[in-house]
Amino acid sequence: MRIEAAARAAGRDPSQVRLLAVSKTWPAESVEAAAQAGQQAFGENYVQEGVAKVEALAALQLEWHFIGPLQSNKSRPVANAFQWVHSIDRLKIAERLSSQRDIHLPALNVCIQVNVSGEASKSGVAPAELPALARAVAALPRLRLRGLMAIPEPTDDVALQRERFATLRRLKESLEAEGFALDTLSMGMSDDLEAAIAEGATLVRVGTAIFGSRSYPAP
Ligand SMILES: *Cc1c(COP(=O)(O)O)cnc(C)c1O
């Protein structure tokens, strides 16, 4: 499919790019059908909706990633229902997730979300503030810092898409040069996954291209 073609075009091994199926707005039955077709990892944006699906499908032993904006007062269910959180953008939320993560569960895998679109976007930490946040997050006992995530502003300009994804890749490389062991670049969605894979994405978050157009927008 598209991931394999994009990886080969970039001279990369397709097995180095994971597919996260973004199931927000789709019912548990849709997730179940994708799981039966072999999909293992699913992404959710909204706390209540996501936790309900995690609980309804617990028997399937899927891997759940929280990828949406997270308010502090809703961190507890996320800390315990999900295996991954991609949207860490400030220390306070990381501290809450770490202290709320059940001691019997393995450490929560996290990515720091970075704003690579400058003024055009408000979500994610500014690149200049990333190293300090990464050090603080890596020091938290119940979190495991795996890498970086970005949602660049949508654009049809493929060169600009690549430039923003390259920015995230370079930020990961500079953290690695500082000694961080990171294995995840969470970048690329239905409309820009080819550019993301060309710039080193290890995980692409794909909703529409798997499930179809969502019938209701963000609540
Ligand atoms: C909705 C969403 C996606 C998937 O977007 P599509 O364009 O449907 O592939 C990926 N990442 C995040 C953070 C999202 O909110």
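Cut-offs and rules
- Within each chain, residue numbers correspond to sequence positions counted from 1 in written order.
- In keeping with the predicted nature of the model, local features appear solely for residues at pLDDT of at least 70, side-chain atom pairs appear and are counted solely at 80 or more, and the whole-chain, interface and lining totals rest on all residues.
- Each side-chain value is derived from all of the structure's non-hydrogen atoms; neither hydrogens nor water enter the calculation.
- Patches draw on residues past 30% relative accessible area with no salt bridge. Two like charges within 9 Å are joined, as are two nonpolar side chains (Val, Leu, Ile, Met, Phe, Trp, Tyr) within 5 Å.
- Accessibility throughout is a Shrake-Rupley quantity obtained with a 1.4 Å probe, and a residue counts as covered only by protein chains that appear here.
- Take a side-chain nitrogen of Lys or Arg and a carboxyl oxygen of Asp or Glu: if they are within 4 Å of each other, that pair is a salt bridge.
- Neither His nor the chain termini are counted; the positive set is Lys and Arg, and the negative set is Asp and Glu.
- In this description, the location of a charge corresponds to atom NZ of lysine, CZ of arginine, CG of aspartate or CD of glutamate.
- Numbering goes from the N terminus for both helices and strands, where a helix is a DSSP run of H or I of at least four residues and a strand is a run of E of at least two.
- Relative accessible area decides the class of each residue, using a 1.4 Å probe on protein chains only: under 20% of the type maximum gives buried, over 50% gives exposed, and in between gives partly exposed.
- Strands pair, by our definition, only if DSSP identifies at least two bridges between them.
- Cavities and pockets are found on a 1 Å grid laid over the protein atoms alone: a cavity is a set of points where a 1.4 Å probe fits but cannot escape, a pocket is an open set with protein on both sides within 12 Å along at least five of seven lines, and a lining residue has an atom within 4 Å of such a point.
- Grid points are joined across faces, edges and corners, and a volume is the space filled by probe spheres set on the points.
- Throughout this entry, Asp, Glu, Lys and Arg are counted as charged residues, while Ala, Val, Leu, Ile, Met, Phe, Trp, Tyr, Cys and Pro are counted as nonpolar. The remaining residues, Gly among them, count as polar.

**Some words on a negative patch on the surface**
Piece 1. Together, D156, D157, E163 and D191 make up a region of like negative charge exposed at the surface.
Piece 2. As for its position among the elements, E163 is in helix 7 (residues 158-177).
Piece 3. Taking the relative accessible area as the measure of exposure, E163 reaches 52% and is therefore exposed.

**Brief notes about the pairing of strand 3 (residues 63-66)**
Piece 1. Along strand 3, one buried face is formed by E63 and H65 and the opposite face, lined by W64 and F66, is buried too.
Piece 2. Inspection of the sheet shows strand 2 (residues 41-44) paired to strand 3 by four bridges, in the parallel sense. Looking at strand 3, one finds that G43 is bridged to H65.
Piece 3. As defined by bridge partners, strand 3 adjoins strand 4 (residues 84-88) across two bridges and the pair is classed as parallel. By the bridge assignment, H65 is partnered in strand 4 with W84.

**Details of the layout of surface pockets**
Piece 1. Each pocket or cavity is described by its volume, and for the largest pocket that value is around 840 Å³.
Piece 2. Residue lining of the largest pocket: 33 residues in total, with K24, I151, M189, R205 and R214 positioned closest to the centre.
Piece 3. Among the residues making up the lining of the second largest pocket, the classes are represented as five nonpolar, three polar and two charged.

**A few points about the pattern of salt bridges**
A pair can form between side chains of opposite charge whenever their charged atoms are brought close.
Piece 1. Scanning the entire structure with this criterion turns up twelve salt bridges.
Piece 2. With its nearest N and O atoms 2.8 Å apart, the salt bridge here joins R2 to E194. You can see R2 sitting in helix 1 (residues 2-9) and its partner E194 sitting in helix 8 (residues 193-198), a full 192 residues away along the chain.
Piece 3. Relative accessible area serves as the criterion here: at 32%, R2 is assigned to the partly exposed category.
Piece 4. Since its relative accessible area comes to 35%, E194 is described here as partly exposed.
Piece 5. In this structure, R162 engages E199 in a salt bridge whose closest nitrogen and oxygen atoms are separated by 2.8 Å. Placement of R162 in helix 7 and of E199 in the loop between helix 8 and strand 8 (203-206) is noted, with a sequence separation of 37 residues between them.
Piece 6. Accessibility expressed as a relative area gives 36% for R162, which makes it partly exposed.
Piece 7. In this structure, a network of salt bridges that share partners links the residues R162, R169, E173 and E199.

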